[in-house]
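Each chain is listed here by its residues.
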Amino acid sequence: TDMADVALPFYENHLTVVEFKKINATVYNETPLSIMRKIDSIMDRDFSHLVNVAMSAAVADIMNGETPKLPSLPEEVAKNYLPLMERFYEVSGRRIITENGFTAMKDMINQEASESQILAENFFEYLSNATPIMMCIAMEGELSSDELSSLIDIFESPEFVKLKEA
């Protein structure tokens, strides 16, 4: 309830009641809802582990003055699936959420020594670039291109664009 009260003015400024009802109807439709639940499950189960492993390696590389390597994908996956995942990452609002989290952490770190700021900047840049690839690694084989495309279509609809802006 508190979150709804906080969010309401932002939604009211961007969405009509009709648009909000359309979003709710879309989200509660069985097919998109099952795909979103599948994504949530994959993100909780597999993605978190990938991020932890990648972050450890990236931090070690950065501390050693090296540029961490992005995770690699099979050529076919990089060619066909990764572009969909990158588009999903963008239109779903996950990029904004992720980068807003980075901004908050950067603000805290900016109060520290300049060396730690540089290390943090390098780390956040790596993680920002690596996130869609890690999402791809976690989801490829469990979430079809068609399922991903159907969510992209939903998130690119005018109502969802306004929701993301709100």
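What counts, and at which threshold
- Residues numbered from 1 in each chain as written.
- Predicted model: local features only at pLDDT ≥ 70, side-chain atom pairs only at ≥ 80, totals over all residues.
- Heavy atoms only, no water.
- Helix = DSSP H or I, 4+ residues; strand = E, 2+ residues; numbered from the N terminus.
- Buried < 20%, exposed > 50% of the residue type's maximum accessible area, 1.4 Å probe, protein only.
- Contact = heavy atoms within 4.5 Å.
- Areas by Shrake-Rupley, 256 points an atom, 1.4 Å probe, with all protein chains shown as cover.
- Lys, Arg positive; Asp, Glu negative; His and termini not counted.
- Charge placed at Lys NZ, Arg CZ, Asp CG, Glu CD.
- Polar contact = N/O pair within 3.5 Å; in protein donor to acceptor, adjacent residues only side chain to side chain.
- Salt bridge = Lys/Arg side-chain N within 4 Å of Asp/Glu carboxyl O.
- Axes fitted to C-alpha atoms, helices over the stretch in contact; angles between N-to-C directions.
- Parallel < 35°, antiparallel > 145°, perpendicular 65-115°, else oblique.
- Left-handed = near helix turned anticlockwise from the far one by under 90°.
- Nonpolar A, V, L, I, M, F, W, Y, C, P; charged D, E, K, R; others polar.
- Phe/Tyr/Trp six-rings, centres within 6.5 Å; stacked < 30°, edge-to-face > 60°.

Draft legend 1. Local environment of the overall build of the chain. Broken down by element type, the chain carries nine helices and zero strands. Of the regular secondary structure in the chain, the N- to C-terminal order runs α-α-α-α-α-α-α-α-α. C-alpha atoms of the chain, sized along the principal axes, occupy 55 × 40 × 25 Å. Taking all 166 residues of the chain together, the buried fraction comes to 32%. Contacts in the chain between residues far apart in sequence, at least 24 positions, make up 84% of those at least 6 positions apart. Here the chain has roughly 10,200 Å² of accessible surface; of this, 55% comes from carbon and sulfur atoms. Distance from the positive charge centre (13 side chains) to the negative charge centre (28 side chains) of the chain: 6 Å.

Draft legend 2. Summary view of helix 5 (residues 82-91). Along helix 5, the positions that sit buried rather than exposed are Leu82, Leu84, Met85, Phe88, Tyr89 and Val91. Trailing helix 5 by a residue or two, glycine 93 shows a phi angle of about 90 degrees, which is positive.

Draft legend 3. Local environment of the environment of tyrosine 81. In this fold, tyrosine 81 is placed in the loop between helix 4 (75-80) and helix 5. Discounting residues that sit within four places of it in the chain, tyrosine 81 has contacts with Glu76, Cys136, Met139, Glu140, Leu143, Ser144, Ser145 and Leu148. At 2.6 Å, the side chain of tyrosine 81 and the backbone oxygen of leucine 143 are in polar contact.

Draft legend 4. Molecular detail of the side chain of glutamate 19. For glutamate 19, the position within the fold is in helix 2 (residues 17-27). One polar contact links the side chain of glutamate 19 to the main-chain amide nitrogen of threonine 16, over a distance of 2.8 Å. In this structure, glutamate 19 is in contact with His14, Glu159 and Lys162, ignoring residues within four places of it in sequence.

Draft legend 5. Main features of the pattern of salt bridges. Under the defined criterion, the tally for this structure stands at nine salt bridges. Here glutamate 159 makes a salt bridge to lysine 22, at a shortest N to O gap of 3.5 Å. With glutamate 159 in helix 9 (residues 158-165) and lysine 22 in helix 2, this residue pair connects regions lying 137 residues apart in the sequence. Across the pair lysine 38 and glutamate 147 runs a salt bridge whose closest N-O atoms are separated by 2.9 Å. Here the residue lysine 38 occupies a position in helix 3 (residues 30-63), and glutamate 147 occupies one in helix 8 (residues 145-155), the gap between them amounting to 109 residues. The exposure class assigned to lysine 38 is partly exposed, which follows from its relative accessible area of 30%.

Draft legend 6. Highlighting the packing of helix 3 against helix 8. Between helix 3 and helix 8, whose axes approach to 10 Å, the crossing angle comes to 110 degrees. Put simply, helix 3 runs roughly perpendicular to helix 8. Here helix 3 runs over helix 8; the crossing is left-handed. Of the residues in helix 8, those in contact with Pro32, Ile35, Met36, Lys38 and Ile39 of helix 3 are Glu147, Ser150, Leu151, Ile154 and Phe155. Looking at the contact of helix 3 with helix 8, its residues break down into seven nonpolar, one polar and two charged.

Draft legend 7. Structural view of the packing of aromatic side chains. Per the counting criterion, the structure on display carries four aromatic pairs. Summarising the aromatic geometry, the rings of phenylalanine 88 and phenylalanine 155 are spaced 6.0 Å apart at their centres and angled 55 degrees between planes, so their arrangement reads as tilted. Taken together, the positions of phenylalanine 88 in helix 5 and phenylalanine 155 in helix 8 put the pair 67 residues apart, joining distant regions of the chain. The interplanar angle of 85 degrees and the centroid separation of 5.6 Å between the aromatic rings of phenylalanine 155 and phenylalanine 160 together place this pair among those described as edge-to-face.

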